Amino acid sequence: MDIRVFPTNELLNAAAAGLVAHLLHAKPKAVLGLATGSTPVGIYEELVKLYAKQHIRFREATSFNLDEYVGLPETHEQSYHAYMQQHLFAHIDLPAEQANIPNGNTADLAQECLRYNALLEHAKQIDLQLLGLGHNGHIGFNEPNHALVAGTHIVELREETRIANARYFNSLAEVPTHAVTMGIGTILKAKSILLVVRGTEKAHIVHEALTGPITTENPASLLQTHPNLIVMLDAEAGALFK
Ligand code: F6R
């Protein structure tokens, strides 16, 4: 496990975007696993800058997003489809048909999980999976539980997750109760994983996840088993690592 603590978020963003750029140079057809939320925003900004300067291109790459809310149309400003357009896809040359996001707004969610799993199987392996971390240890929307699911599935969001994400909605009641998420098995199958964590409020959970017992009650703790895990922390999130 490679844990790096950065004195500023600018340095962290540049390092994380640099990893993606390095991968795209070495392997233009790379398969990228992408995350949403506040954590990757600065990294996507850096990638857009690198693309604008023609340092990287995404034309041959493929991407898979971790998750999407159930019941929000793609056009809803808080859908992860809209997020990805806003922060990345609208600004780069990744063809739309190579950018995969689960569809949470369909009548047949079970079929959608099968479809997404089949796409992931076909892609064989994600080269680099970008992850943020939930306040309760979730990765993707794999919430703490007595058992976890390997493949894409529907999950009921925990109350603390809905409360954390309510900042983007007008009220807690508007935050969806369920999401479609890539499973923990798919995440752990990635060739390499980049976990990015920012902020004092996550210092304890990331320390516990990476140094404490491996338990499904802290899903990120399973990352300890991954052979190629890179962790990038800002100074606040990394405060407990000596
Ligand atoms: C988002 C995702 C979630 C977030 C996590 C942290 O696609 O899968 O696991 O990474 O909830 O969210 P932020 O970055 O908003 O604190």
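Above this text sits the structure in question.
Residues numbered from 1 in each chain as written. Predicted model: local features only at pLDDT ≥ 70, side-chain atom pairs only at ≥ 80, totals over all residues. Heavy atoms only, no water.

(A) Layout of the site of the ligand. In the vicinity of the ligand lie 14 residues, with Thr39, Asp67, His138, Gly140 and Lys202 positioned nearest. Separating an oxygen atom of the ligand from a side-chain N or O atom of Thr36 is a distance of 2.7 Å. Here the ligand has 410 Å² of accessible area as a free molecule, and 95% of this is covered by the chains. When grouped by side-chain class, the residues that make up the shell around the ligand number three nonpolar, eight polar and three charged. (Near = heavy atom within 4 Å. Polar contact = N/O pair within 3.5 Å; in protein donor to acceptor, adjacent residues only side chain to side chain. Areas by Shrake-Rupley, 256 points an atom, 1.4 Å probe, with all protein chains shown as cover. Nonpolar A, V, L, I, M, F, W, Y, C, P; charged D, E, K, R; others polar.)

(B) How the structure looks around helix H1 (residues 9–26). Taking 1.5 Å per residue as the helical rise, H1 with its 18 residues ought to reach 26 Å, and the 26 Å between its terminal C-alpha atoms agrees with that figure. Turning to H1, its buried residues are Leu12, Asn13, Ala16, Ala17, Val20, Ala21, Leu23 and Leu24. Buried residues along H1 sit against strand E1 (2–6), strand E2 (31–34), helix H2 (41–52), strand E6 (128–131), strand E9 (192–197) and strand E10 (229–234). (Helix = DSSP H or I, 4+ residues; strand = E, 2+ residues; numbered from the N terminus. Expected span 1.5 Å × (residues − 1). Buried < 20%, exposed > 50% of the residue type's maximum accessible area, 1.4 Å probe, protein only. Contact = heavy atoms within 4.5 Å.)

(C) Representation of the packing of H1 against H2 within the structure. Packing of H1 against H2 leaves a shortest axis separation of 8 Å and a crossing angle of 55°. Considered as vectors, H1 and H2 are oriented oblique to each other. The hand of the H1/H2 crossing is right-handed. Residues Asn13, Ala14, Ala16, Ala17, Val20 and Ala21 of H1 pack against Gly42, Ile43, Glu46, Leu47 and Leu50 of H2. Here the residues of the contact of H1 with H2 sort into eight nonpolar, two polar and one charged. (Axes fitted to C-alpha atoms, helices over the stretch in contact; angles between N-to-C directions. Parallel < 35°, antiparallel > 145°, perpendicular 65-115°, else oblique. Left-handed = near helix turned anticlockwise from the far one by under 90°.)

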